[in-house]
Amino acid sequence: MCSACGYPAALGHWTEAGAATPHDRLRERFRRVQVLQKVLKGSGVTAHDGGMVPGIQVMSLSGAQTIVPDLEALWAEVEGYRGRPFDPLDLE
C-alpha cells in the first residue's frame, strides 16, 4: 500500500512515498503531471493532480473526467477518450 496516496502498490504505480516532507511529496506529484502533460500533448486529453485527491485526474476536451490510480489505467482512459489506440512512446 502506498502511504502517500492509499492505492495498493502495483506495476505502473508512481509513488512519492519516499519524499522527506509533505511539501516534497506534493511537488513530486505536480512534477509527474507536468511530464504527463508533455506526453499527452496533442492527444485531446489532459492530466491534472488535485493535490489532495488520490490518483491522477484525466480529462477529455468534451468534458469527460476520470480519476485513475496508475499509469496502466491512465493509458486505457486515454484510448477510451480518443476512440483509438494510444502509444505513450509515440510522441507526435
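Our subject is the structure that appears above.
Residues numbered from 1 in each chain as written. Predicted model: local features only at pLDDT ≥ 70, side-chain atom pairs only at ≥ 80, totals over all residues. Heavy atoms only, no water.

## A few points about the side chain of Ser60
Item 1. Residue position: Ser60 is located in strand β2 (residues 56-60).
Item 2. Classification of Ser60 as buried rests on a relative accessible area of 13%.
Item 3. Here Ser62 takes part through its side chain, which lies 2.8 Å from a polar atom of the side chain of Ser60.
Item 4. Excluding its chain neighbours within four sequence positions, the residues that come into contact with Ser60 are Gly44 and Tyr81. (Helix = DSSP H or I, 4+ residues; strand = E, 2+ residues; numbered from the N terminus. Buried < 20%, exposed > 50% of the residue type's maximum accessible area, 1.4 Å probe, protein only. Polar contact = N/O pair within 3.5 Å; in protein donor to acceptor, adjacent residues only side chain to side chain. Contact = heavy atoms within 4.5 Å.)

## Considering the sheet that holds strand β3 (residues 65-68)
Item 1. With antiparallel pairing, the three strands of this open sheet are ordered in space as β1-β2-β3. Only two strands of the sheet have a single neighbouring strand rather than two, namely β1 (45-48) and β3. On average, each strand axis in the sheet is inclined to that of its neighbour by 25°, with strand direction left out of account.
Item 2. Of the strands in this sheet, β1 and β2 are in contact with helix α1 (residues 22-40), which crosses β1 at around 175°.
Item 3. Packed on one face of the sheet, helix α2 (residues 71-82) meets β1, β2 and β3 and runs near 165° to β3. (Pairing = 2+ DSSP bridges. Axes fitted to C-alpha atoms, helices over the stretch in contact; angles between N-to-C directions.)

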